[in-house]
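Chain residues, written in single-letter form:
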Amino acid sequence: MQELFNAVTVSKARALMSRHLSLPVRAEKMRIPSALGHCLLDDVTAAIDVPGFDRATVDGFAVRAGDTFGASEGMPAYLEVAGEVLMGQAPDVSLEPGRAWRIATGGMLPTGADAVVMVEHTEELDERTIVVTRPVAPGENVIRKGEDIEAGQLVLSAGHRLRPQDLGILAAVGITEVEVRRPLKVGIVSTGDEIVSPEQTPGAGQVRDINSYTLYGAVLSNGGEPILYGIVPDRFDLLQKKLAQAWKENDMVLLSGGSSVGVRDVADRVIQSLGRPGVLFHGLSIKPGKPTVGAVIEGKPVFGLPGHPVSTLVVFELLVAPLVRLGRYPEEDFLEFPLRARITRNIRSAAGREDYIRVKLVLRQQELWAEPVLGKSGLISNLVKADGLARISAEKEGVEAGETVEVKLL
Ligand SMILES: Nc1nc2c(c(=O)[nH]1)N[C@H]1C(S)=C(S)[C@@H](COP(=O)(O)OP(=O)(O)OC[C@H]3O[C@@H](n4cnc5c(N)ncnc54)[C@H](O)[C@@H]3O)O[C@H]1N2
Ligand code: MOO
């Protein structure tokens, strides 16, 4: 059979693209709540200890641990209640031996105290005396000064994408504004004489534009700024004009449809006409997603993604998402398919081609199983049913039921 594409592997495609890519790094100052999902440009170092003092992790009594050693129900330790720690204030006197201070969770330990006895392990004999029925070790029920974060410590590294807990640590060290990488602008174009916008009622032979919207969502959820350029008929001149505009106005361009080898598939030639070095590969040795065009035009990536909705999104995950997220492809050892699940049925694949199977994840007897969602790559419902993508490597001719596969959540 005639081979229509000169297909390359995903890693070869990445290497070809990387050689010519030059995505800009633009800085933007952002207040911490809105910086969520953005990438830090600089390392963040703590200027202070967090917490700035030893604090209780339980409600009870601040004590010298030594005063409780050997305490038991039968032989409790007797301690004099000398004061009460007020929240948000430093105790004004230190704790003398044989004494205890009432303290609430989060309160500051008086100097001299090195542990907290839980209120459940005490009994109040009278206003001023407690008995302690269990010993505490030094440091027990206490978060020590600097235990969370030490002054001078690196708390977040440059390039890190901010998650909810990262906003929390920035707040903890008093950094309310950070420099982040401004989202890359990604132009999205759909092509096809049969494609109409979702507002329109499709006539015979027409279908609504799906890919513009899945790609929009995919760019946004990877931290990019998507811009829709609408639907262009399969005509070289019209497509060239639209792509040239999208290329000029963005850092990256995604075209979906027209990437195969049919008479109306003009993606390859149009992209090639935009500038240098141009198309770097046409064809990926994967399924679905084979008819993919990858190009770089003066440092900016331009992709011709296959028109089938599943294929578009699979190729986006493999080749576009890392660029939107990081501005480059990750190192070889980066875990892109971090989950491991057992496949519920036999799946055949051809050697020499990576297969990406849509899967639903199910828990069976505490084990994670991946149930293939079967169906053609032209079916969007197929992707909606799936929780993730399972990868079958190029060396394999399939997987057998029960075999472990690598999965990435979608
Ligand atoms: N002779 C061959 N034919 C095809 C091959 C092949 O190797 N030899 N590959 C098939 C595969 S695999 C795919 S994937 C498609 C890719 O085709 P194109 O990228 O050229 O895309 P189109 O032909 O324009 O469209 C394919 C399909 O997808 C629908 N489509 C396109 N854009 C959208 C959109 N924005 N929203 C919803 N649906 C869209 C389009 O109507 C077609 O049904 O080629 C196979 N053919
Ligand atoms: O490779 Mo196609 O991209 O199966 O639908």
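Rules used in this analysis
Residues numbered from 1 in each chain as written. Chains lettered and ligands numbered in written order. Predicted model: local features only at pLDDT ≥ 70, side-chain atom pairs only at ≥ 80, totals over all residues. Heavy atoms only, no water. Helix = DSSP H or I, 4+ residues; strand = E, 2+ residues; numbered from the N terminus. Contact = heavy atoms within 4.5 Å. Buried < 20%, exposed > 50% of the residue type's maximum accessible area, 1.4 Å probe, protein only. Phe/Tyr/Trp six-rings, centres within 6.5 Å; stacked < 30°, edge-to-face > 60°. Lys NZ or Arg CZ within 6 Å of the ring centre and 35° of its normal. Near = heavy atom within 4 Å. Polar contact = N/O pair within 3.5 Å; in protein donor to acceptor, adjacent residues only side chain to side chain. Nonpolar A, V, L, I, M, F, W, Y, C, P; charged D, E, K, R; others polar. Pairing = 2+ DSSP bridges. Axes fitted to C-alpha atoms, helices over the stretch in contact; angles between N-to-C directions.

Enquirer: What is the right way to read the environment of Val 93 from this model?
Expert: Mapped onto the elements of the fold, Val 93 is located in the loop between β5 (77-84) and β6 (99-103). The spatial distance from the C-alpha of Val 93 to the C-alpha of Pro 110 is 6.9 Å, given a sequence separation of 17 residues. Excluding residues that lie within four positions of it along the chain, Val 93 makes contacts with Trp 101 and Pro 110.

Enquirer: Looking at this model, I keep getting lost on the side chain of Thr 191. Mind explaining?
Expert: Residue position: Thr 191 is located in strand β13 (residues 185-191). Using a relative accessible area of 6% as the deciding quantity, one classes Thr 191 as buried. Beyond its immediate sequence surroundings of up to four residues, Thr 191 is in contact with Val 232, Pro 233, Asp 234, Leu 239, Leu 255, Ser 256, Gly 257 and Gly 258.

Enquirer: What is the right way to look at the packing of aromatic side chains in this model?
Expert: Ring pairs (aromatic) are described by centroid distance and by the angle formed between their planes. What the rule picks out here adds up to one aromatic pair. Between Phe 337 and Tyr 356, the aromatic rings sit 5.9 Å apart at their centres with planes inclined by 40°, giving tilted as the arrangement. Taken as a pair, Phe 337 in the loop between α6 (309-326) and β22 (339-343) and Tyr 356 in strand β24 (residues 354-364) lie far apart in primary sequence, 19 residues in all. For Tyr 356, a relative accessible area of 1% puts it in the buried group. One cation-aromatic arrangement involves Lys 300 over Trp 247; the distance from NZ or CZ to the ring centre is 4.6 Å. Lying over the aromatic face of Trp 369, Arg 364 brings its terminal NZ or CZ to 5.0 Å of the ring centre.

Enquirer: Honestly, the site of ligand 2 in this entry has me stumped. Any pointers?
Expert: Near ligand 2, the surroundings consist of Pro 288, Gly 289, Lys 290, Pro 291, Pro 306, His 308, Ser 311 and Ser 377. Between ligand 2 and His 308 there is a distance of 2.8 Å, counted from an oxygen atom to a side-chain nitrogen or oxygen. Within the side chain of Ser 377, an N or O atom sits 2.3 Å from an oxygen atom of ligand 2. Of the residues in the shell around ligand 2, the class split is three nonpolar, four polar and one charged.

Enquirer: Help me out: how do you make sense of the sheet that holds strand β20 (residues 293-297) in this one?
Expert: By way of backbone hydrogen bonds, the strands of a sheet pair with one another, either parallel or antiparallel. With respect to topology, six strands assemble into an open sheet ordered β16-β13-β17-β21-β20-β18, the strand pairing being mixed. Of all strands in the sheet, those bounded by a partner on one side alone are β16 (225-232) and β18 (277-282). The mean angle between the axes of side-by-side strands here comes to 15°, regardless of whether they run parallel or antiparallel. Note that strand β17 (residues 252-256) and strand β21 (residues 300-305) share four bridges and pair parallel. Within β21, the residue paired with Leu 254 across the bridge is Phe 303. Lying over the sheet, helix α1 (residues 10-20) contacts β18, β20 and β21, oriented at roughly 175° with respect to β18. Strands β13, β17, β18 and β21 of the sheet are contacted by α6, whose axis makes an angle of about 175° with β21.

Enquirer: Looking at this structure, how should I read the sheet that holds strand β8 (residues 122-126)?
Expert: In spatial order, the strands read β7-β4-β6-β5-β9-β8; together these six strands make up an open sheet with mixed pairing. Every interior strand has two partners, whereas the edge strands, β7 (115-118) and β8, have only one. Taking the axes of each pair of neighbouring strands and ignoring which way they run, one obtains an average angle of 40° across the sheet. Of the strand pairs in this sheet, β5 and strand β9 (residues 129-132) are connected by four bridges, and their pairing is antiparallel. Among the inter-strand pairings, Leu 79 is bridged to a residue of β9, identified as Ile 130.

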